[in-house]
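Reading the structure
Chain by chain, the residues run as shown.
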Amino acid sequence: IRLFLIEGFWLLVAVLLLGCKGGVSAWTTEERIMERNEVWIKLPFESRAKQMCVVGTATIGEFKNVLSHLVPRFSFSFTHCGRFISGSDTPPACGPENPIILVVKAQGGGGDSSELPTPLLDEFGVAASQVAGAVEPLSPVEGVSEKKALEADMDIALRISKARNLAALIKGDLQQIMDILNSTKKPGNAEDAPSDAAGRSRFKLDVSPPPKKARDAEMDQLVLLGRLEESLLQDLRVPTPEREIRVFLSSTFTDTAEERNKILKDVVPVLQERFAQFGYAFYASEMRWSIREAESDAMETSTICMTELENCQTVSAGLNYVYIAARSAGLNYVYIACSKYGFRPPPQKIQELVFEKLLAVMSEENQALAKKCYKLDTNSTTTPPQFKSPLPKCGPSRQVREEWDQHDGPQYVLQIGINPWDRFTAIVAALRSAALVVWKDEDSRDPKSQSWLKKFIISVTEEEFCNGALWAKPEEGRTRVKVFKRSFKGGIPPGDAAAKKFIDLIGKEVDVEAQQLLREQQAMIEPDHEWVLPWAPGKGIDTEQHKKYLEEFCDKFVEACCKSLEQALAEEVQPDRVVEEARRHLVFAETRAGKFHNTPTAVRVLASVSKYVHEGLNGKAFVVWGKSGAGKTYIIAKAVWDAAKGSTASNGVCVVRFLGTTADSSKVAHLLDSVVQQLARAYDKENIAIPSDFRDLAELFKTAVTEWPSPDKPLTLVLDSVDQLDDTNCGRMLKWLQVTELPDCVRMVISTLPDYEDDGDKEGFTCHSLLQRSLDDEGCFSQVKDIEDPEAVIRHLLRLLGRTVTDEQMKVLLDSFGSRKEDDIAGTPLWVTLVAHEASSVGLTDYQPPPVPSSVRELIMAFFDRLAKLRGELLVCKVLACITLCQDGIAEGELAHVLSLDDKVLRQIYQWWVPSVRVVPCIVITRIFADLRPYLASRGTGSAKAWYHRQFWEAALAWLSKHDPEFKKRVHADLAAYFAGTHHGKPKPYTPALIAKVQEFFPGETEADRLVPANPLLFAGELFNTDAAVVLNERRLAEYVYHCIGAGMQDAVLAELSSPLYITTKFMAGMGTELQLELIAGMRRFPALEQGLGRVKAFIGKHISLCRSPEVPWAVVQAAYNQPDASPVRKGLFDSEETGDVKQEYLGLEERCILWHGRPQSFDPCLLTLPASSTVRCVAYARDGERVAMGCTDGLVTVCSVTTGDVLCSLTGHTDSVSSVAWGPNGELASGSNDKTVKVWDPVTGVEKSSLTGHTARVVSVAWGPNGELASGSWDNTVKLWDPDTGAEKSSLTGHT
């Protein structure tokens, strides 16, 4: 029956395709099908249960979705007993007397035969007579009206009564039919592809990746060896572009609104999806939503735009600047408007020497005005980068450049407190007239000129134009720049209502000067594409009248971006994950070492590290430790730099990892895999297989560190911030790390925080005390203490920021330093760094700042307050919450989608404009990420960012709770909705406040698709098909359940955790431990789920070996099928418990699964199957209930977690079978063995504390007394009492025979 039903489904689709899309003309009159464009098919199912098994869907609507996906150019509807069935109905019972009729209709309406491809019969060699014999006409269905029967032309409908006979005649399978159908084009229009509602599918997204360049083998070897030779140093200092194309859209806003809206609505989503297929992100920087009102009033528009343009030029791997030139031809100076030249604000900052030159040629009235609007800031020590010549080769003359460089230092700043708009015209005119006198010999229209004169003459748009296009790197030419030009034929009618959007006006008159500047600007560069359009009265650009132009504009934009992606791909070298990971950490070390400052405590610790690297320490590792933010990473970076360039660098190997700064250094399994592979290549061991099992990998890591190095090729291994690891595979238990008995040719430098207790929100760790136990030598530790000379450090950091402070201002900062508390981390480099950033915002010399908080948490919270005021409180709250609440951080693109679901955030962003799509513009998030960049690090998968310092995580939680105690829960819910794709493809209604704003630009709009991705568990491949490559959605696997728990979504937690598909994918992603921790967290959060999730946990525990078998991905489904009916995992297989309808994702697996029809309905009492090295002789539960110890016949004692089944510790030392294990009152572990000894262990570090000898035969029993005494029983007929601390035998009890 099962085979028949599965076969029946594919037969249905095959016949449907043949009948609807080609075979109909052979079975009936071709004229009828062309006229009606419709065919009716009776579904050959006799019962609801059979139908459900075949279709695998719960509702008619879902079945229609399946068919629509397979046959996208046809629509489907269903009738039953004379009425049409809605999409939400469940399929009714059907049979010979009451069939379900499937109505198939080609899209496009009756009379249009262009959608019908040519008959397919010849493709499969099926004769018309044979097909005709396989079907019979369908008589009108009782209950269907005569009118409807005539409309449907029921005499051409089919009864599929002999499906098996028909299938036997078809030579081919479903995929062949689909290939033929998909290759069929509409007659006479072969180039056009069907367009969806948004008009996105018509774009040609042709990207032909060229072959990747060969790697530089010599440079790769230097990276693997960690040898900082000059050639490698130069290579490390060259910024590596991110895997993203970030395009800056430059134009004035009002006259190019339609072009920008089309790019955002139709182009950006398509390019983001296409680029993601090549591992690239695509962003369009739209400045319409990046400038808040306060920033506009402060005349910061130019600075903000130039900063983002520089970001695009630095980060983007390809095209980074698009200039949209829009002007009117036939322009005159009265009422004929042309495209705007743009806003020309006064400079926000003017260098002191420049300002004094301008004052010298001004009238007394203008001097008074200038001094009122600008105030001197002597705290500035350098010119901001955007005001300097970025590329001297193509910049101004040498004389101008020298004058330019002399302008570093104090500067006059436009005062925010004085409303500049009241004096805007006057101050702009005063500065321009003075500049024309001071630089009278300068040609401001020279494309290469970067004279100060331009700062007072040109618009913000031309400044973008100069920096983005004219001053591009000569070697790049126009490869990263595109210019689009649009003009209007015959100009713009004077007095037209829309003219003001397309021309610069002064009152009602044309700004003649601006138009002249515009013509001169556009003459500086040739456009790549140009259009001349008719003017649309009252609109200028009309979406209907200019539809063809807008489509061509978007086509050219897409073509340019795709070509840019090809160029970026052409620059890529063959990927080498091991080398690239090693290089990232060397770059990190170079960056941090360059900012190192010689404080007394830093010099002391650095000297101790240097001494250890050169002299060693009796085969032990060296540990640098200190409070969070103490500067350990900077010291480690400097130590790495010195070691890699020192005497051992010429023949040794230096491997460094700053844990938590990359995806491959955040989890211990990824870390060891990366380090072992680097060591294997550095020591010519590339033929060694890297195991996937963590225990084997940890053993290989120990072998690589202790056996591969030699005196001729020593090893320096540096692991910074081991506390940054997560707890998967017991990463922070450090059992994988051998810190003693190192060979003399090996140096191992480690850094860590002090121990942290579990605070309920974040798990604690004990890395410091674990290392103390293992090393047992204070000489192996060096503590980084508070800064002893804070003023010198603050001034050093301010100098890096281009700032300084007065002595009075410095006194305020030092007073805060002196009032710090010992239990806080105030006084550390992190505190000083935050203070320096705070001080850098002190804009004026005579400004007296308020007292700086001495507490680091208060200082961070003050930073968040300032950021909220600058960027918008609600927006900043949401961004900080997402960064803080996500387990593995969040990427910029993900954050944009999450924020887009919050109407309050959208309303706050839409201060000036409303985009054509309800997606948060990326520039808004980019600016906040830039503010937070010094405090973020990569985590998890891809480009996700998370807090690097624990202090920021704790401060963010406190800051968010201060605003709204329920805010965290709502953010968890939004993140869960995003990672589940809940809103994918669905319009989300607006709140009233957002409706009011949106309808100012889009009348009548009340809801919109937020373009949230589907976020399936699998991006590609078939999970249960071992021949297909599978791409897992690791972000969803890592985050979704966690956020459901945080949001209190009880039903969602049970549904996901009991899903066999989720369980399978979680283990395939190497997240089996995390899955079991999620189950524990779910049971703690939801008491009502304790039984259900407990059964899921027991199911996983019993079948743990099956779950960890990637070669049999359907093993979990097999086990789930044979669970009791009440099992949540078995229920997860079915859509309906009543009918037993299998969910779509499991259809077909019945063929592979053995069904146990007599399965018991009671649950197996087994909760967890633990791994053992050999036959288990004894077991004992720890008193905390979290661990179990077992002794085996091979002499090994193993400690396992009863939560995850992970091996926490393997205790080696016995030489014969272990007969007894027992836990002591203080967490010690004792074991008795056939080797006649009793051993006492530290089960956390694995260190053997004592070995008790005295028995003359095998020890078969050990037991602890309440005060720490230890007793043992032996086959030598004695019981002995021991002092476990000293190993002394206290007494021997005899008498047994």
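Residues numbered from 1 in each chain as written. Predicted model: local features only at pLDDT ≥ 70, side-chain atom pairs only at ≥ 80, totals over all residues. Heavy atoms only, no water.

**With respect to the overall build of the protein chain**
- Within the protein chain, the regular secondary structure consists of 47 helices and 41 strands.
- Counting all 1297 residues of the protein chain, 54% fall into the buried class.
- In the protein chain, the share of contacts with a sequence separation of at least 24, taken over all contacts with a separation of at least 6, comes to 72%.
- Accessible surface, the protein chain as shown: approximately 55700 Å² in total, 51% of it carbon and sulfur. (Helix = DSSP H or I, 4+ residues; strand = E, 2+ residues; numbered from the N terminus. Buried < 20%, exposed > 50% of the residue type's maximum accessible area, 1.4 Å probe, protein only. Contact = heavy atoms within 4.5 Å. Areas by Shrake-Rupley, 256 points an atom, 1.4 Å probe, with all protein chains shown as cover.)

**Quick look at the nonpolar core**
- One finds Phe864, Trp947, Ile1063 and Ile1100 to be the most contacted residues of the largest nonpolar core, which totals 118 residues.
- Looking at this core, the element that brings in the most residues is helix α33 (residues 873-885), giving nine residues.
- Non-local contacts of Ile1063, meaning those with residues more than four positions away in its chain, are made with Leu1057, Leu1075, Val1096, Phe1099, Ile1100, Cys1107, Val1116 and Val1129.
- Core analysis: the second largest hydrophobic core is formed by 85 residues, Ala589, Ala637, Trp708 and Leu725 among them. (Core = buried A, V, L, I, M, F, W, Y, C linked by side-chain atoms within 4.5 Å.)

**With respect to the sheet that holds strand β18 (residues 653-658)**
- Taken together, five strands build an open sheet; the order of strands is β18-β19-β20-β17-β21 and the sheet is parallel. Looking at the sheet topology across the chains shown, the edges are occupied by β18 and β21 (781-784). Strand-to-strand twist of the sheet, defined as the mean angle between neighbouring strand axes without regard to direction, takes the value 15 degrees.
- The pairing of strand β19 (residues 715-720) with strand β20 (residues 746-752) spans five bridges and is parallel. Its bridge partner being in β20, Val718 is matched across the sheet by Val749. (Pairing = 2+ DSSP bridges. Axes fitted to C-alpha atoms, helices over the stretch in contact; angles between N-to-C directions.)

**Structural notes on unusual backbone geometry**
- Non-glycine residue Asp684 carries a positive phi angle of around 55 degrees.
- With respect to the secondary-structure elements, Asp684 resides in the loop between α26 (668-682) and α27 (694-707).
- Look at Asp684 and you get exposed, because its relative accessible area is 61%.
- Positive phi values are uncommon outside glycine, yet Lys1236 reaches one of about 80 degrees.
- When you line up the elements, Lys1236 lands in the loop between β35 (1229-1233) and β36 (1238-1242).

**Quick notes on the packing of aromatic side chains**
- This structure, assessed with the given rule, holds 24 aromatic pairs.
- Relative to Phe658, the ring of Phe588 has its centre 4.7 Å away and its plane inclined at 45 degrees; by these criteria the two rings are tilted. With Phe588 in helix α23 (residues 577-594) and Phe658 in strand β18, this pair connects stretches of sequence that are 70 residues apart.
- For Phe658, a relative accessible area of 0% corresponds to the buried category.
- By way of ring pairs, the aromatic residues Phe863, Phe864, Tyr935, Trp947, Phe952 and Trp959 are connected into one cluster.
- Directly above the aromatic system of Tyr683 lies the positively charged group of Lys713, at a separation of 5.3 Å from the ring centroid.
- Directly above the aromatic system of Trp1275 lies the positively charged group of Arg1258, at a separation of 4.3 Å from the ring centroid. (Phe/Tyr/Trp six-rings, centres within 6.5 Å; stacked < 30°, edge-to-face > 60°. Lys NZ or Arg CZ within 6 Å of the ring centre and 35° of its normal.)

**Structural notes on the packing of helix α16 (residues 364-373) against helix α18 (residues 424-438)**
- The N-to-C vectors of α16 and α18 enclose an angle of 115 degrees; their axes lie 10 Å apart at closest approach. By the criterion of interaxial angle, the relationship of α16 to α18 is roughly perpendicular. With respect to the hand of their crossing, α16 and α18 are arranged in left-handed fashion. The residues of α18 that touch α16, namely those facing Asn366, Leu369, Ala370 and Cys373, are Ala426, Ile427 and Ala430.
- Residues that form the contact of α16 with α18 fall into these classes: six nonpolar, one polar and no charged. (Parallel < 35°, antiparallel > 145°, perpendicular 65-115°, else oblique. Left-handed = near helix turned anticlockwise from the far one by under 90°. Nonpolar A, V, L, I, M, F, W, Y, C, P; charged D, E, K, R; others polar.)

**Observations regarding the packing of helix α32 (residues 856-871) against helix α36 (residues 922-932)**
- For the pair α32 and α36, interaxial distance at closest approach is 12 Å and the crossing angle is 155 degrees. Regarding the angle of α32 to α36, the classification is roughly antiparallel. The handedness of the crossing between α32 and α36 is right-handed. Seen from α32, the contacting residues are Phe863, Leu867 and Arg871; seen from α36, they are Arg927, Ile928, Asp931 and Leu932.
- Grouping the amino acids of the contact of α32 with α36 by side-chain chemistry returns four nonpolar, no polar and three charged.

**Overview of the sheet that holds strand β39 (residues 1270-1274)**
- Read across the sheet, four strands follow the order β38-β39-β40-β41 without closing on themselves; strand pairing throughout is antiparallel. Only two strands of the sheet have a single partner each, and these edge strands are β38 (1259-1264) and β41 (1288-1293). On average, each strand axis in the sheet is tilted by 25 degrees relative to the strand beside it, whichever way the strands run.
- Sheet topology note: the strand β40 (residues 1279-1283)/β41 ladder contains five bridges and is antiparallel. Looking at β41, one finds that Leu1281 is bridged to Ser1291.

**As for the pattern of salt bridges**
- Inspection of every chain in the model, using the stated rule, returns 37 salt bridges.
- Where Arg773 meets Asp1242, a salt bridge forms, and the shortest distance between an N and an O atom there is 3.0 Å. Taken together, the residues span a long stretch of sequence, with Arg773 in helix α28 (residues 767-775) and Asp1242 in strand β36 at a distance of 469 residues.
- Judged by its relative accessible area of 43%, Arg773 falls in the partly exposed class.
- What makes Asp1242 buried here is its relative accessible area of 12%.
- The partner of Asp903 in a salt bridge is Arg1010, with the nearest N and O atoms 2.9 Å apart. One end of the pair, Asp903, is in helix α35 (residues 903-909); the other, Arg1010, is in the loop between β25 (1007-1009) and β26 (1018-1020), and 107 residues separate them in sequence. Arg1010 shares its class with Asp903; the two are buried.
- It is possible to trace a salt-bridge network through shared partners that takes in Arg215, Asp220 and Glu580. (Salt bridge = Lys/Arg side-chain N within 4 Å of Asp/Glu carboxyl O.)

**Points about helix α12 (residues 257-276)**
- Along its 20 residues, α12 runs 27 Å from first to last C-alpha, staying within 8% of the 28 Å computed at 1.5 Å per residue.
- Considering bend angle alone, the principal kink of α12 is centred on Val267 and spans about 45 degrees; proline Pro269 follows within four residues of it. (Expected span 1.5 Å × (residues − 1). Bend = angle between axes of the 7 residues up to and from the residue.)

**Description of the pairing of β36**
- The element β36 is largely enclosed, with a buried count of five among its five residues.
- Where burial is concerned, the two faces of β36 agree: the one with Val1238, Val1240 and Asp1242 and the one with Lys1239 and Trp1241 are both buried.
- Relative to β36, β35 is paired through four bridges, and the arrangement is antiparallel. Bridging across to β36, Leu1229 finds its partner in Trp1241.
- Linking β35 back to β36 in an antiparallel pair, the connection comprises four residues, with Lys1236 at a positive phi of about 80 degrees.
- In this structure, β36 lies alongside strand β37 (residues 1247-1252), joined through five bridges in antiparallel fashion. If you follow Val1238 over to β37, its bridge partner there is Leu1252.
- Hairpin geometry of β36 and β37 is characterised by an intervening segment of four residues between the two adjacent antiparallel strands and by a positive phi of about 80 degrees at Gly1246.

**Comments concerning the confidence of the model for the protein chain**
- With 72% of its residues at a pLDDT of 70 or more, the protein chain shows a mean pLDDT of 74.
- Confidence drops under pLDDT 50 across residues 1-59; counting only partners more than four residues distant or on other chains, this segment forms 177 contacts.
- In the predicted structure, residues 86-91 sits below a pLDDT of 50 and forms 17 contacts with residues beyond four places in sequence or in another chain. (pLDDT = per-residue confidence, 0-100.)

**Quick word on helix α43 (residues 1072-1085)**
- Given a rise of 1.5 Å per residue, 14 residues ought to cover 20 Å, and the 20 Å separating the end C-alpha atoms of α43 matches this to within 8%.
- Counting buried positions along α43 yields 10 of 14 residues, so the element is predominantly enclosed.
- Gly1072, Thr1073, Glu1074, Leu1075, Gln1076, Glu1078, Leu1079, Ile1080, Gly1082 and Met1083 are the residues of α43 that are buried.
- Residues of α43 that are buried make contact with α40 (1034-1047), α41 (1050-1057), α42 (1060-1068), α44 (1090-1102) and α45 (1104-1107).

**Details of the side chain of Glu581**
- Here Glu581 is to be found in helix α23.
- With near-sequence residues (within four places) excluded, Glu581 lies in contact with Arg657, Thr662, Asp664, Ser665 and Ser674.

**Concerning the environment of Gly490**
- For Gly490, the location among the structural elements is in the loop between β13 (481-488) and β14 (505-506).
- Distance in space between the C-alpha atoms of Gly490 and Pro534 is 7.7 Å, their sequence separation being 44 residues.

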